[in-house]
Amino acid sequence: LSPAKKKIRKRGEIVYLKDKAGNRILDKNGQLIPMYAEGDCIRGQLHQETFFGAIKLPLKNEDGSFKIENSKFVYDDKLTFVVREPFVYKKDTNSPGFKSLEEIGSCIVDKHLFEMIKKHIGDKDFKTAMNDGIYLYNKKGEKAGKIRHIRIFVRATEPLKIKEQTYVSNKSTFHIQNREYKKYYYAGNGENYAYALYQGIIKNKTERSFKIINLIDTANIVKISPDRKLSIEPVIECKKEKLQLYAIFQIGQKVIFFKNNPEELYDFTNTELSKRMYKILGFEKDGRIRFWHHIDGRDERQLKELESVYGKGIWQGFSTINFEQPWPKLKLTTGNFNFLIENKDFTIAPDGQIKFLK
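Quick caveat, the model's predicted, so the values are computed rather than measured.

Caption draft 1: Fine view of the overall build of the protein chain. When helices and strands are counted, the protein chain shows nine helices and 24 strands. Taking 21 Å as the expected radius of gyration for a compact globule of 358 residues, we find that the protein chain reaches 28 Å, considerably beyond that expectation. For the protein chain, the C-alpha atoms occupy an extent of roughly 85 × 75 × 45 Å along the three principal directions. Counting every position in the protein chain, which comprises 358 residues, the buried fraction comes to 32%. Carbon and sulfur atoms make up 48% of the accessible area of the protein chain, which amounts to about 24,600 Å² in all. Taking the average location of the 65 positive side-chain charges in the protein chain and that of its 46 negative ones, the two points are 6 Å from each other.

In structure tokens:
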């Protein structure tokens, strides 16, 4: 948590201090005194800026027709997430829009609208047709309006439920039709704060599991915690057995990899240990951790230039460790976590000397 302080505003206007009579209070220089709100805040992105819509798709019969019961569509229980995308030609990789008709067809929600778009473009060049504009037509064949946005499916399978809609319908249809999901804002995850690694012996075999704590969960836990601190479960269940909390990782923390056992590192020089030292770059939702070699200063653009020689792993992260010539990036599963952990198994002094905590 970081202390925060900001001026209170009402409808965009700064609120100033007033006395009991309602008159504004002036300071010794004759200036108005703003009201401030003070508290704690988390520095980081809690969630992505784009909000998603949640829908349920109607089920279909084997012949492709929609399944109907009691004169109503039958919907899948699984939520599907969509977003409104500007209906423009995609100029470059970072700009919104679409590059081809096939791209639109693969992600558009309304397939009938896609058929209308496809018919309108016809034999025209896609880029020219998009720049000229694609319109909807009424029954008389007149232009009814230009298509400016379309709804497309998004890949997010488990977006965060951010908050309740500002204006929620007071009608009972939300409850009757089981549409409670329509009441909330959804968005993709922002940043992950910590990674809890659990470990234990099950049937003479080391088993590991994990739990990722993102910033929005951290904010909610800290908010209700009496001592304003994050608490993590000490034990979780795996294969009907209990695993103990082994370590908590955070971005920037360092690890030193070993081949067979930790003891092999104790007689290494700092130069030899440096080859095996990586810092944590981030966490994947499937449990993998991304590592970056602690003295590799190349950025992704420089690493991508070597892609033709070493493959995509050179900038995305290799799934194996090279002890002789360290890879710049790694992306490892829990089964490959053969390393010692900073502040748990070793410390690094200000002069760079490594001290093992045996």
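Caption draft 2: Helix α5 (residues 215-224), seen in detail. Taken together, the buried positions of α5 are occupied by L215, I216, T218 and V222. With its buried residues spanning 155 degrees around the axis, α5 presents them on a single face. Along its buried surface, α5 packs onto β5 (47-55), β12 (160-164), β14 (192-202) and β15 (205-214).

Caption draft 3: Structural view of the sheet that holds strand β17 (residues 241-249). Spatially, β15-β14-β17-β16 is the arrangement adopted by the four strands of the open sheet, whose pairing is antiparallel. One side of each edge strand has no neighbouring strand; the edge strands of this open sheet are β15 and β16 (235-238). Between one strand axis and the next, the sheet turns by 35 degrees as a mean value, whatever way the strands run. Of the strand pairs in this sheet, β16 and β17 are connected by four bridges, and their pairing is antiparallel. Residue pairing in the sheet places I236 in a bridge with L243 of β17. α5 rests against β14 and β15 of the sheet, and its axis sits at about 80 degrees to β15.

Caption draft 4: The arrangement of the pairing of strand β21 (residues 329-332) in detail. Here β21 shows two buried faces, one formed by K329 and K331 and the other by L330 and L332. The pairing of strand β20 (residues 289-293) with β21 spans four bridges and is classified as antiparallel. Each residue of the ladder has a partner; that of W292, found in β21, is K329.

Caption draft 5: Structural context of the side chain of S95. Within the secondary structure, S95 is located in the loop between β8 (80-86) and α1 (101-107). Of the polar contacts made by the side chain of S95, one reaches the backbone nitrogen of K91; its length is 3.3 Å.

Caption draft 6: Molecular detail of the sheet that holds β21. Spatially, five strands are ordered β21-β20-β19-β18-β22 in an open sheet, and the strand pairing comes out antiparallel. For this open sheet the edge positions go to β21 and β22 (339-341), each flanked by a neighbour on one side alone. Averaged over all pairs of adjacent strands, the angle between their axes in this sheet comes to 35 degrees, without regard to strand direction.

Caption draft 7: Region of the structure containing the packing of aromatic side chains. On inspection of all chains with the given rule, the structure shows 19 aromatic pairs. Aromatic rings pair up to connect Y195, F210, F249, F257, Y278, F283, F291, F337 and F339 into one cluster. If you follow K143 out to its NZ or CZ, it ends over the ring of Y135, 4.3 Å from the centre. Sitting over the ring of W315, K304 keeps its end group 4.4 Å from the ring centre.

Caption draft 8: Structural context of a nonpolar patch on the surface. A cluster of nonpolar side chains, contributed by F66, I68, F73 and Y75, occupies part of the molecular surface with about 410 Å² of accessible area. Position of Y75 relative to the elements: it lies in the loop between β7 (72-73) and β8. Among the residues examined, Y75 registers a relative accessible area of 44% and is labelled partly exposed.

Caption draft 9: Focus on a positive patch on the surface. A cluster of basic residues, K10, R11, K18 and R24, forms a positive patch at the surface. The topology assignment puts K18 in the loop between β3 (13-14) and β4 (36-41).

Caption draft 10: Examining the pairing of strand β10 (residues 143-146) more closely. In the sheet, strand β9 (residues 135-137) pairs with β10 via three bridges, with the strands oriented antiparallel. For Y135, the partnering residue across the bridge sits in β10 and is K146. Count of turn residues in the β9/β10 antiparallel hairpin: five residues, of which G141 carries a positive phi of about 85 degrees.

Caption draft 11: Here's a closer look at the pattern of salt bridges. Per the counting criterion, the structure on display carries eight salt bridges. Residue E207 pairs with K239 through a salt bridge whose shortest N-O separation is 3.2 Å. Of this pair, E207 sits in strand β15 while K239 sits in the loop between β16 and β17, placing them 32 residues apart in sequence. The exposure class assigned to E207 is buried, which follows from its relative accessible area of 12%. A relative accessible area of 58% means that K239 is categorised as exposed. Across the salt bridge formed by E233 and K211, the nearest N and O atoms sit 2.7 Å from each other. Placement of E233 in the loop between α5 and β16 and of K211 in strand β15 is noted, with a sequence separation of 22 residues between them. Here E233 falls in the partly exposed class, since its relative accessible area comes to 39%.

Caption draft 12: Broad picture of unusual backbone geometry. Phi at S71 is positive, roughly 65 degrees, even though this residue is not glycine. Mapped onto the secondary structure, S71 falls in the loop between β6 (68-69) and β7. Overall, S71 belongs to the exposed group, its relative accessible area being 74%. Despite not being glycine, N343 has its phi angle at roughly 70 degrees, a positive value. Tracing the backbone shows N343 in the loop between β22 and β23 (346-348).

What counts, and at which threshold
- Per chain, residue numbering runs from 1 following the sequence as it is written.
- Totals for whole chains, interfaces and linings use all residues, but because this is a predicted model, local features are given only for residues with pLDDT of at least 70 and pairs of side-chain atoms are given and counted only at 80 or more.
- Side-chain calculation: all heavy atoms of the structure are included, whereas hydrogens and water are not.
- Only DSSP runs of H or I reaching four residues or more are called helices, and only runs of E reaching two or more are called strands; each is numbered from the N terminus.
- Radius of gyration: over C-alpha atoms. The globule rule applied is 2.2 Å multiplied by the number of residues raised to the 0.38 power.
- The classification of residues rests on relative accessible area computed with a 1.4 Å probe and restricted to protein chains. Under 20% of the type maximum is buried, over 50% is exposed, and intermediate values are partly exposed.
- The Shrake-Rupley method, run with a 1.4 Å probe sphere, supplies the accessible areas, and residue values consider only the shown protein chains as cover.
- In this charge count, Lys and Arg are treated as positive and Asp and Glu as negative; neither His nor the chain ends contribute.
- The atom standing in for a charge is NZ when the residue is Lys, CZ when it is Arg, CG when it is Asp and CD when it is Glu.
- The directions from the helix axis to the C-beta atoms form the arc being described.
- In what follows, a contact means two residues having at least one pair of non-hydrogen atoms within 4.5 Å.
- Each pair of strands is called paired provided DSSP finds at least two bridges between the two strands.
- All axes are obtained by fitting lines to C-alpha atoms, using only the stretch in contact for helices, and the reported angles, taken between N-to-C directions, cover 0 to 180 degrees.
- By the criterion applied in these results, polar contacts are pairs of N or O atoms within 3.5 Å in which, for protein atoms, one can donate a hydrogen and the other can accept it, and in which residues neighboring in sequence qualify only through two side-chain atoms.
- Side-chain rings of Phe, Tyr and Trp, where Trp is taken by its six-membered ring, are said to pair if the distance between their centres is within 6.5 Å; with planes under 30 degrees apart they count as stacked, over 60 as edge-to-face, and otherwise as tilted.
- In our convention, an over-ring charge means Lys NZ or Arg CZ found within 6 Å of a ring centre and within 35 degrees of that ring's normal.
- A patch consists of residues whose relative accessible area exceeds 30% and which take part in no salt bridge; residues with like charges are grouped when within 9 Å of each other, and nonpolar side chains (Val, Leu, Ile, Met, Phe, Trp, Tyr) when within 5 Å.
- In the sections that follow, a salt bridge refers to a side-chain nitrogen of Lys or Arg positioned within 4 Å of a carboxyl oxygen of Asp or Glu.

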